[in-house]
Amino acid sequence: MSSKAKLLLTALVALSGHVVPSSANPTLKRGDNNDCRCAPTDPCWPSPFEWALFNFTVNGALLKSVPLGSVCHDPDYNEEKCQELRDNWIQPTLHDKSSTSMMTPYWANQSCDPFTPREQPCELGTYTQYAVKVTSIGQIRIALWFARWKNIRLVIRNTGHCFMGKSTGYGSLSIWTHHLKGMKFFDYQSNYYRGSAVKVLAGTQIGEIYEEAKKRGLMIVGGECPSVGFAGGYIQGGGHSPLSSMYGLAADNTLAFEVITAAGIFRTVTRDRDADLFWALSGGGGGTFGVVYSVTVKTFPDTSVSGAILSYSTNDTIAYYKALEYYHTLTPAWTNKGVFAYAFYNKGYFQVWPLFYPGGTPVQVSEMIAPFEAKLTELGINYKSSVTTYSNYLDAFNALFVPVTVGGFQFGGRLIPRSTVQNSTLLTGLIDAAKLIVEDGASVIDVAIRATAPVGVENSVNPAWRTAEAMFLPATAWSNDPEDWDQMLEDRKKISFVYGVALKAVTPGSGAYMNEADGDEPDWQQAFFGEYYGTLSKIKKKWDCEDVFYARNAVGSERWLLRSDGKLCKA
């Protein structure tokens, strides 16, 4: 065994907690001191023997990446398995079981794509090279150390629900947290909060928490997709919820994080302990400040929910846009009462599915939508509507929200200030922007939500959320046909430089929700972080001075450049 291998084994075994001879004193520092992360084609890349040693120290948890699409390409082609994969490609449960798969196809860049020709080689491309299926703090610490020592690009991945390309990368080692499962409900006591709470390990998914909370007569502020990992990029990026108009964003309800820092140190951070890191993790974005092992959040008493579904189609363009403008004048009164309304529309079609009112009654919901129904009747638009009520949050959630599929759209995103919908000139401009989008063949996801900060909450959530009335996402349809790839790239440019420009014109000073936005946002620091970016950057330098953690459009990422060959290098 070479002296280098002995050093690696000794250091890794020491970090894993095994007995090490007292004479062993490995120096833990970053490897090759150059301007780029070490890539698979570089001499500095770990040898198979070094990877094997590393795998030993993480108890066999190291996985070499094999993309799901490999069954659709030679030499591993399997017609039956390939067709099954294609048929289920839009189901999130297919991808979250994989250590590598991406639910937003663009970021795979057609690497080992199940829809490209069989004879096209299955290459890793932008997929992670290896992943550590972590189930312990020790495995995370070892993975961090190995990535630092070998100068390898590191990413943090949970379920792969990422529109922004943060959880993958060429030549990278992934810390895969999906199998860190578990939760504990208890009474939390601190200087800032005394009451019911739940501690959730990083791999626990939103739907799993909903189920356990319901059994206890409780609910949490969680998202609309039950397969999303709760403690990852969702809550660290803010995390909107059907309960946000009542209780704020998911990040507004954090009480504590357990986190492994870039130095490999396990810490519990709160408003009283390492308050700057707690502040940054509560809304400042995932994948850049540390590896979150768990998060503790407030819970709330379960409640009845009433909701509505309303939809219509019309070929009368004038009536259609008059109705759309009138709809936006109604939502401030709804969200002020705690309502969350999810609208989707495209050319000639509109739906609210659902209007979700926690604690509301069917009569109250009917009264809310009555003016809109009257306006539609006045405009000669035939519509369908229904109002229902449920005894608890989860039953309402399961009944009113359509099951989420993935990979069907490319998104932009803008937070629409209340001042825009309450100003007739700006509102007309917003409807003009919507018209530009839908007449061009795209769609709009328009979520009415009032995420004002609860009393006493201080965190790094994008300040634009605090004055927003809606989250507005222009969406272009994604095609898996390889012949349409160039058009998909053109659509991305349109989202940034046509739709995005139109929306910014009527939302001066606003921003975007960093988890659901334009992945190519030109002004991402302002759009995703607003006035907090400078403070977040200082916290990043304090806790990760070597930039061990990198994620696209995350705090500190401007110090790095993704080259055309995929390598990550200092800017």
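Everything below is about the structure shown above.
Residues numbered from 1 in each chain as written. Predicted model: local features only at pLDDT ≥ 70, side-chain atom pairs only at ≥ 80, totals over all residues. Heavy atoms only, no water.

A.B. asks: Summarise the overall build of the protein; cite the residues concerned and give the values.
C.D. replies: A count of helical and extended segments in the protein gives 17 helices and 21 strands. Its C-alpha atoms give the protein a radius of gyration of 24 Å, within 12% of the compact-globule value 25 Å for 571 residues. Its C-alpha atoms give the protein principal-axis dimensions of roughly 85 × 60 × 45 Å. Taking all 571 residues of the protein together, the buried fraction comes to 58%. Within the protein, residue pairs in contact and separated by at least 24 positions form 72% of the contacts whose partners lie at least 6 positions apart. Looking at the protein as shown, the accessible area adds up to about 22600 Å², and 51% of this sits on carbon and sulfur atoms. (Helix = DSSP H or I, 4+ residues; strand = E, 2+ residues; numbered from the N terminus. Rg over C-alpha atoms; globule rule 2.2 N^0.38 Å. Buried < 20%, exposed > 50% of the residue type's maximum accessible area, 1.4 Å probe, protein only. Contact = heavy atoms within 4.5 Å. Areas by Shrake-Rupley, 256 points an atom, 1.4 Å probe, with all protein chains shown as cover.)

A.B. asks: I'd like to hear about the side chain of glutamine 236, residue by residue, with values.
C.D. replies: Along the polypeptide, glutamine 236 turns up in helix 7 (residues 230-236). Here glutamine 236 falls in the buried class, since its relative accessible area comes to 5%. Glutamine 236 has contacts with Ala231, Leu281, Gly283, Gly284, Gly285, Gly286, Gly287 and Val292, leaving out every residue within four places of it along the chain.

A.B. asks: Go over the packing of aromatic side chains, please, and point to the residues and values.
C.D. replies: Enumeration according to the criterion identifies 39 aromatic pairs in this entry. The interplanar angle of 70° and the centroid separation of 5.9 Å between the aromatic rings of phenylalanine 350 and phenylalanine 372 together place this pair among those described as edge-to-face. You can see phenylalanine 350 sitting in strand 14 (residues 349-358) and its partner phenylalanine 372 sitting in helix 11 (residues 362-378), a full 22 residues away along the chain. Comparing phenylalanine 350 with phenylalanine 372 shows no difference in burial state: the two are buried. (Phe/Tyr/Trp six-rings, centres within 6.5 Å; stacked < 30°, edge-to-face > 60°.)

A.B. asks: Which residues make up the environment of alanine 451, and what values go with them?
C.D. replies: Relative to the helices and strands, alanine 451 is located in the loop between strand 18 (443-448) and strand 19 (468-477). According to the relative accessible area criterion, alanine 451 is buried, its value standing at 0%. As for alanine 451 and glycine 238, which are separated by 213 residues in sequence, their C-alpha atoms are 10.0 Å apart. Excluding its chain neighbours within four sequence positions, the residues that come into contact with alanine 451 are Ser244, Leu249, Trp465 and Arg466.

A.B. asks: Give me the lowdown on the packing of helix 10 (residues 317-335) against helix 11, citing residues and values where you can.
C.D. replies: For the pair helix 10 and helix 11, interaxial distance at closest approach is 10 Å and the crossing angle is 170°. In this view, helix 10 runs roughly antiparallel relative to helix 11, as classed from their interaxial angle. Judged by residue contacts, Ala323, Tyr326, Tyr327, Leu330 and Trp334 of helix 10 engage Met368, Ile369, Pro371, Phe372, Lys375 and Leu376 from helix 11. The residue inventory of the contact of helix 10 with helix 11, partitioned by class, reads 10 nonpolar, no polar and one charged. (Axes fitted to C-alpha atoms, helices over the stretch in contact; angles between N-to-C directions. Parallel < 35°, antiparallel > 145°, perpendicular 65-115°, else oblique. Nonpolar A, V, L, I, M, F, W, Y, C, P; charged D, E, K, R; others polar.)

A.B. asks: Provide a residue-level description of the layout of surface pockets, including the pertinent values.
C.D. replies: Considered as a void within the structure, the second largest pocket measures approximately 450 Å³ in volume. Lining the second largest pocket are 19 residues, and of these Trp107, Asn109, Thr126, Leu562 and Gly566 sit closest to its centre. Of the residues that constitute the lining of the second largest pocket, the class distribution is six nonpolar, eight polar and five charged. (1 Å grid on protein atoms, 1.4 Å probe; cavity = no way out; pocket = protein on both sides within 12 Å on 5 of 7 lines; lining within 4 Å. Points joined across faces, edges and corners; volume = space filled by probe spheres on them.)

A.B. asks: Could you give an account of the state of the cysteines, with specific residues and numbers?
C.D. replies: Covalent bonding between the sulfur atoms of two cysteines is what defines a disulfide. For the structure shown, the criterion picks out four disulfides. Across the disulfide, cysteine 38 is cross-linked to cysteine 44 (sulfur-sulfur distance 2.1 Å). In this structure the cystine formed by cysteine 38 and cysteine 44 twists about its S-S bond by roughly 120°; its chirality is therefore right-handed. Residue class for cysteine 38 comes out buried when judged on its relative accessible area of 2%. In this structure cysteine 44 comes out as buried when scored by relative accessible area, which is 17%. (Disulfide = S-S within 2.5 Å.)

A.B. asks: Outline the pattern of salt bridges, listing residues and values.
C.D. replies: Any two side chains of opposite charge can pair, given that their charged atoms come close. Applying the stated criterion across every chain yields a total of 24 salt bridges. With its nearest N and O atoms 2.7 Å apart, the salt bridge here joins glutamate 521 to lysine 504. Remark: lysine 504 occurs in helix 15 (residues 485-505) and glutamate 521 occurs in the loop between helix 15 and helix 16 (524-529); sequence separation between them is 17 residues. For glutamate 521, a relative accessible area of 8% corresponds to the buried category. By relative accessible area, lysine 504 is classed as partly exposed at 28%. (Salt bridge = Lys/Arg side-chain N within 4 Å of Asp/Glu carboxyl O.)

A.B. asks: Which residues make up the pairing of strand 18, and what values go with them?
C.D. replies: Most of strand 18 sits out of view: six of its six residues are buried. Neither face of strand 18 is open: one carries Ser443, Ile445 and Val447, the other Val444, Asp446 and Ala448, and all of them are buried. Across five bridges, strand 13 (residues 340-346) lies against strand 18 in antiparallel orientation. Looking at the pairing, alanine 343 lines up with aspartate 446 of strand 18. Pairing between strand 18 and strand 19: six bridges, direction antiparallel. Considered in strand 19, the bridge of valine 444 is made with proline 474. (Pairing = 2+ DSSP bridges.)

A.B. asks: Pulling in residues and values, what's your account of unusual backbone geometry?
C.D. replies: With an omega of 5°, the peptide bond between aspartate 74 and proline 75 qualifies as cis. The topology assignment puts proline 75 in the loop between strand 1 (62-64) and helix 3 (79-87). A positive phi angle, close to 45°, is found at cysteine 112, a residue other than glycine. Inspection of the secondary structure assignment puts cysteine 112 in the loop between helix 4 (92-96) and strand 2 (130-133). Although it is not a glycine, aspartate 274 sits at a positive phi angle of roughly 50°. Here aspartate 274 lies in the loop between strand 9 (266-269) and helix 9 (275-281).

A.B. asks: Just give me the short version of the environment of alanine 396, but keep the residues and values in it.
C.D. replies: Relative to the assigned elements, alanine 396 resides in helix 12 (residues 393-400). According to the relative accessible area criterion, alanine 396 is buried, its value standing at 0%. Residues alanine 396 and proline 358 lie 38 residues apart in sequence; the distance between their C-alpha atoms is 9.1 Å. Look past the residues within four positions of alanine 396 in its chain and what remains in contact with it is Val305, Phe356, Tyr390 and Phe401.

A.B. asks: Any chance you could break down the sheet that holds strand 3 (residues 153-157) for me, citing the residues and the numbers?
C.D. replies: Strand-to-strand pairing in sheets goes through backbone hydrogen bonds, with the strands running parallel or antiparallel. Read across the open sheet, the four strands follow the order 1-2-4-3; overall the sheet is mixed. At either margin of the open sheet sits one strand with a lone partner, and together these are strand 1 and strand 3. Taking each pair of neighbouring strands and ignoring which way they run, the sheet shows an average axis angle of 25°. Along the sheet, helix 2 (residues 48-57) contacts strand 1, strand 2 and strand 4 (172-176); its crossing angle with strand 1, the most-contacted strand, is approximately 140°.

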